[in-house]
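# Analysis of the macromolecular model
Residues per chain, in single letters:
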Amino acid sequence: MSTTQVNPDKYTQVREDIAKAFPNEEYDDGSFAPVVLRLAWHASGTYDGKHKTVGGSDGSTMRYNAESSDPANAGLDHARNFLDPIKKKHTWISHADLWTLAGCVAVEQMGGPHIEWTGGRRDKTNEAECPPQGRLPDAALGKDHVLDVFVSRMGFTVQETVALIGAHTVGRCHADRSGFDGPWTYNPTRFSNQFYKLLLNVTWVEKKWDGPKQFVDEDEGEIMMLPTDMALLEEPFRQYVEIYAKDQQKFFDDFASAFLTLIELGMTKRGKL
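Before going into details, it helps to say that this report is about the structure given with it. All figures in this text were calculated on a predicted structure; none of them were measured in a lab. Residue positions within a chain follow its written sequence, with the count starting from 1. With the structure being a predicted model, the display of local features is reserved for residues of pLDDT at least 70 and the display and counting of side-chain atom pairs for 80 or more, all residues being used for whole-chain, interface and lining totals. Water and hydrogen atoms were dropped before computing side-chain values, which therefore reflect all heavy atoms in the structure.

### What to know about the overall build of the chain
Broken down by element type, the chain carries 11 helices and 5 strands. Radius of gyration means the value over C-alpha atoms here, while the globule rule gives 2.2 Å times the residue count to the 0.38 power. The C-alpha atoms of the chain give a radius of gyration of 18 Å, which matches the 19 Å a tight globule of 273 residues would have. Expressed along its principal axes, the backbone C-alpha trace of the chain runs to roughly 55 × 40 × 35 Å. Buried means the residue's accessible area, taken with a 1.4 Å probe over protein chains only, is under 20% of the maximum for its type, while exposed means over 50%, and partly exposed covers the values in between. Within the chain, the proportion of its 273 residues that are buried is 55%. The long-range share in the chain, meaning contacts at least 24 apart out of those at least 6 apart in sequence, stands at 71%. Working definition of accessibility: Shrake-Rupley area with a 1.4 Å probe, residue cover restricted to the visible protein chains. Counting only carbon and sulfur atoms, one obtains 46% of the accessible surface of the chain, whose full area is about 12,000 Å². Positive charges are assigned to Lys and Arg, negative charges to Asp and Glu, while His and the chain termini are left out of the count. Working definition for charges: the position is that of NZ of Lys, CZ of Arg, CG of Asp or CD of Glu. On the chain, the mean spot of the 30 positive side-chain charges and the mean spot of the 40 negative ones are 6 Å from each other. Strands here are runs of E lasting at least two residues and helices are runs of H or I lasting at least four, both read from the DSSP assignment and numbered beginning at the N terminus. Here, residues are in contact when the closest pair of their heavy atoms is within 4.5 Å.

Shown next, in the form of structure tokens:
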């Protein structure tokens, strides 16, 4: 269903219901917003711009095991289950539109920029239309992998890539999901440029544990970075990390633009609010 057929006020009601439901003291750091943002990101990041085949947010194919069982999507059942009551209340909205809209609301509710979300995504009904597993970024890899996934496959610029990875300013990893463990920042429910500041200014050391390779702050080990995050300290990424560390508004503007592009990759029909 495209937004040309829906009263904009109905989307406002959905936005309000999502925002009201985010706070939950029993989940992580007291909010479902970070994991819902991750759901929107992962549902969209399977797009292959080279082949323009299956993938992207249009279709909400993570409803099927073929995609939800991708190790990169571990734990996203929490976000999908969180949104189920809202879908049941607003039956007219597609899962694909709900997931991406919820990601945008999450950013804004955590203090980030407003994203000019556009509706029109349809839900696919065949598991055969799921993208192949392995398209999402592998946090254990480095610079070449980041360039291959973001620039070569999805078609982003280097600057857009750095802006999108800045979503790690919120949320945390879980050892029982991804294998990695800990938050990236000291305020994992506040959307800011703290991720870049910490990346540049903290002394990062490899964590000594039985889990996968990750880095922690030298003093307390309270926050962490993934190998893909550390790759941003290299060129061609570092110059944009430095820009965003100094200018939060620039990060907000660039993130809003890049995230909107991300959640529209592969869309076949759209309408403007």
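### So, the pattern of salt bridges
Put simply, a salt bridge is a Lys or Arg side-chain nitrogen that is within 4 Å of an Asp or Glu carboxyl oxygen. Under the counting rule described, the total for this entry stands at 7 salt bridges. The closest approach of N and O atoms between Asp17 and Lys89, which form a salt bridge, is 2.9 Å. Separated by 72 residues along the polypeptide, Asp17 in helix 1 (residues 8-21) and Lys89 in helix 4 (residues 77-89) bring together distant segments of the chain. A relative accessible area of 12% places Asp17 in the buried class.

### What to know about helix 4
With 13 residues, helix 4 ought to run about 18 Å at 1.5 Å a step, and its terminal C-alpha atoms sit 19 Å apart, in line with that. Of the surrounding secondary structure, the elements contacted by the buried residues of helix 4 are helix 1, helix 2 (33-44), helix 3 (65-68) and helix 5 (95-109). Take the number of residues in a helix, subtract one, and multiply by 1.5 Å to get its expected span.

### As for the side chain of Arg15
Relative to the helices and strands, Arg15 is located in helix 1. Buried Arg15, no salt bridge; nearest opposite-charge side chain is Glu108, N-O distance 4.2 Å. With near-sequence residues (within four places) excluded, Arg15 lies in contact with Leu101, Val105, Glu108, His114, Ile115 and Trp117.

### Structural notes on helix 1
An ideal rise of 1.5 Å per residue puts 20 Å on 14 residues; helix 1 measures up with 20 Å between its terminal C-alpha atoms. Elements in contact with the buried residues of helix 1: helix 4 and helix 5.

### A word on the sheet that holds strand 5 (residues 224-225)
Whether two strands pair comes down to DSSP finding at least two bridges between them. The strand order 3-4-5 describes an open sheet built from 3 strands, whose pairing is antiparallel. If you trace the sheet from one side to the other, it starts and ends with strand 3 (204-206) and strand 5, each paired once. Here 3 bridges tie strand 3 to strand 4 (residues 215-217), and the two strands are oriented antiparallel to one another. Residue pairing in the sheet places Val205 in a bridge with Val216 of strand 4.

### Section: the packing of helix 1 against helix 4
Fitting a line to C-alpha atoms yields each axis, with helices limited to the stretch in contact; the angle taken between N-to-C directions then spans 0 to 180 degrees. Where helix 1 meets helix 4, the axes come as close as 10 Å, and the angle between the chain directions of the two elements is 150°. Between helix 1 and helix 4, the crossing angle belongs to the class labelled roughly antiparallel. For the element pair helix 1 and helix 4, the recorded crossing hand is right-handed. Where helix 1 approaches helix 4, its residues Val14, Asp17, Ile18 and Ala21 are matched on the opposing element by Phe82, Ile86 and Lys89. By the definition adopted for this analysis, an angle is roughly parallel if under 35 degrees, roughly antiparallel if over 145, roughly perpendicular if from 65 to 115, and oblique otherwise. Note on convention: near helix rotated counterclockwise from far helix by under a right angle means a left-handed crossing. Clockwise means right-handed.

### Overview of a negative patch on the surface
Residues forming no salt bridge and having over 30% relative accessible area are the ones grouped into patches, like charges within 9 Å of each other and nonpolar side chains (Val, Leu, Ile, Met, Phe, Trp, Tyr) within 5 Å. Judged by side-chain charge, Glu218, Asp219, Glu220 and Glu222 come together as a negatively charged surface patch. Within the secondary structure layout, Glu218 lies in the loop between strand 4 and strand 5.

### What to know about the environment of Glu16
Looking at the secondary structure, you find Glu16 in helix 1. When the C-alpha atoms of Glu16 and Asn73 are compared, they prove to be 26 Å apart, with 57 residues separating the residues in sequence.

### A closer look at the packing of aromatic side chains
By convention here, two paired aromatic rings are described through the distance between centres and the angle between planes. Note on ring pairs: Phe, Tyr and Trp rings are taken, using the six-membered ring of Trp, and paired if centres are within 6.5 Å. Classes follow the plane angle, with under 30 degrees stacked, over 60 edge-to-face and the rest tilted. Throughout the structure, instances matching the rule amount to 16 aromatic pairs. For the ring pair Tyr27 and Phe32, a centre distance of 4.2 Å and an interplane angle of 10° mean the geometry is stacked. Exposure remark for Tyr27: the relative accessible area of 8% places this residue in the buried category. Taking relative accessible area as the criterion, Phe32 reaches 12% and is therefore assigned buried. Centroid distance Phe191 to Phe252: 5.8 Å. Interplanar angle 50°. Geometry classified as tilted. Of this pair, Phe191 sits in the loop between strand 2 (182-183) and helix 8 (194-201) while Phe252 sits in helix 11 (residues 248-264), and the two are 61 residues apart along the sequence.

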